[in-house]
Amino acid sequence: MSANGARFHVAEAGPADGPLVVLLHGLPQFWWAWRHQLTALADAGWRAAAMDLRGFGASDKPPRGYDTMTSTADVAGVVRSLGAPRAVVVGHGLGGWVAWSMPALQPRVTRAVVPVSVAHPLRMRSTGLLPTGLLSARALASYQVPWLPERRLRHGDHVEAMLRQWSARPGWPGPEEVERYTAGMRVPFVAHSAMEYYRWAVRSLLRPDGLRFARAVQRTVTVPVLQLHGAQDPVVPPRRARGSSVYVEGPYRWELVPGAGHFPAEEAPAAVTAALTDWLGGLPG
């Protein structure tokens, strides 16, 4: 579907007149990361839409537009294209960073947010620029180098190694996850687009666009927030992410997912689905 000057792939499930939940993936994933929750939300009466972010999967991969302002405008455009006035925005990792930013940058379309495995953007910055864990610090630094991280993502077993190092559940990822996410990163321009998100996050810190973003997200979040986090996340440690509550004035719930690392929606899908549907059921109309 068309939104914000680009075309986006969106996987939908549930009644067309149901309240909308938009699901945003992280690295190195695409919409399929939310397959378990997509069907469960539909069964619960929600209209669930899992989109490929700009530059990923079957969505457009333009040379520019990987800043957070554009990302939130992309999500808002998809919400409008789906014919809904507002949506609950659920995001993991990179998608969670976008979800945290939606109330400040796109308040009219944001009903509530569910950030998964990520701290509030200002919390990320306050704990030593952006990285909040040793693994994320190493990864983020490596992503600033031109072309080399793209080459690693496209070749060899780098995607599989990332999934295994960032997870905590024994036996995950399985062969299907490894195959799909490795293939996804080998789609032309996907690896480069993915790295551009992280390059903007670092390189914009002292630039006018980055300073404008920081000022915007200083406004406290007044919509309901459910913050889900893997209890054994090695990328963004729970103790660091939990401090995000200081940026929220609205209803707030923090919930740890036992036994999960950085990918709780796939490592512990039943627990994430239960927490999500329970919380959604209590949202005000």
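Conventions used here
- Chains are numbered independently. Their residues run from 1 in the order of the written sequence.
- Reporting in this predicted model follows two pLDDT cut-offs: at least 70 for local features of residues, and 80 or more for side-chain atom pairs to be given and counted; totals over whole chains, interfaces and linings ignore these cut-offs and use all residues.
- Side-chain metrics in this entry use all non-hydrogen atoms of the structure; hydrogen atoms and water are not considered.
- Side-chain atoms within 4.5 Å link the members of a nonpolar core, which is a set of buried Ala, Val, Leu, Ile, Met, Phe, Trp, Tyr and Cys residues.
- Under the scheme applied here, a residue whose accessible area is under 20% of the maximum for its type counts as buried, over 50% as exposed, and between as partly exposed, the area being computed with a 1.4 Å probe on protein chains only.
- Only DSSP runs of H or I reaching four residues or more are called helices, and only runs of E reaching two or more are called strands; each is numbered from the N terminus.
- By definition in these notes, contact holds between two residues if any of their heavy atoms fall within 4.5 Å.
- Two strands are said to pair when DSSP picks up at least two bridges between them.
- Structural elements are reduced to axes, namely lines fitted to C-alpha atoms, with helices fitted over the stretch in contact, and the angle between N-to-C directions of any two is expressed from 0 to 180 degrees.
- In what follows, roughly perpendicular refers to angles from 65 to 115 degrees, roughly parallel to angles under 35, roughly antiparallel to angles over 145, and oblique to any angle outside these ranges.
- Note: crossing handedness is left-handed where the near helix turns anticlockwise from the far helix by less than a right angle, and right-handed where it turns clockwise.
- Gly is placed with the polar residues, together with every amino acid not listed as nonpolar (Ala, Val, Leu, Ile, Met, Phe, Trp, Tyr, Cys and Pro) or charged (Asp, Glu, Lys and Arg).
- Put simply, a salt bridge is a Lys or Arg side-chain nitrogen that is within 4 Å of an Asp or Glu carboxyl oxygen.

Comments concerning the nonpolar core
Right, on to step 1. Within the largest apolar cluster, 69 residues are counted, with the highest numbers of intra-cluster contacts made by Leu27, Phe56, Val75 and Met185.
Right, on to step 2. With 8 residues, helix H9 (residues 190–203) is the largest single contributor of residues to this core.
Right, on to step 3. When neighbours within four sequence positions are excluded, Val75 is seen to be in contact with Val22, Leu24, Met51, Val89, Val98 and Met102.
Right, on to step 4. With 28 residues, the next largest nonpolar core counts Trp34, Trp46, Val88 and Ala265 among its residues.

Details of unusual backbone geometry
Right, on to step 1. Between Leu27 and Pro28 the backbone carries a cis peptide bond, its omega angle lying at 5 degrees.
Right, on to step 2. Structurally, Pro28 is set in the loop between strand E4 (20–24) and helix H1 (35–43).
Right, on to step 3. Notably, Trp147 is not glycine yet its phi reads approximately 70 degrees, a positive angle.
Right, on to step 4. Relative to the elements of secondary structure, Trp147 occurs in the loop between helix H5 (134–143) and helix H6 (148–154).

Describing the sheet that holds strand E5 (residues 47–51)
Right, on to step 1. The strand order across the open sheet formed by 7 strands is E3-E5-E4-E6-E7-E8-E9, and the pairing between neighbours is mixed. One side of each edge strand has no neighbouring strand; the edge strands of this open sheet are strand E3 (10–13) and strand E9 (252–257). Recorded for the sheet is a direction-independent mean angle of 15 degrees between the axes of neighbouring strands.
Right, on to step 2. By the bridge criterion, 5 bridges tie E4 to E5 in an arrangement that is parallel.

Some remarks on the packing of helix H7 (residues 158–166) against helix H8 (residues 175–185)
A packed helix pair is summarised by two numbers, namely the angle formed by the two axes and the spacing between the axes.
Right, on to step 1. At their nearest, the axes of H7 and H8 sit 9 Å apart, and the two run at 125 degrees to each other. By the angle between their axes, H7 is oblique relative to H8. For the crossing formed where H7 meets H8, the hand is right-handed. Residue-level inspection shows Val159, Glu160, Leu163 and Arg164 of H7 in contact with H8, the latter providing Glu177, Val178, Tyr181, Thr182 and Met185.
Right, on to step 2. Tallied by class, the residues present in the contact of H7 with H8 amount to 5 nonpolar, 1 polar and 3 charged.

Re the pattern of salt bridges
Right, on to step 1. This model, assessed by the stated rule, comprises 11 salt bridges.
Right, on to step 2. Close ionic contact of Arg164 with Glu160 constitutes a salt bridge, the shortest N to O distance being 3.0 Å. Linking Arg164 with Glu160, this pair stays in helix H7, spanning 4 residues, or about one helical turn.
Right, on to step 3. Its salt-bridge partner being Arg199, residue Glu196 comes within 3.1 Å of it at the nearest N-O pair. Residue Glu196 and its partner Arg199 are both found in helix H9; the two are separated by 3 residues, about one turn of the helix.
Right, on to step 4. A relative accessible area of 22% means that Glu196 is categorised as partly exposed.
Right, on to step 5. What emerges from the salt-bridge pattern is a single network uniting Arg35, Glu177 and Glu266.

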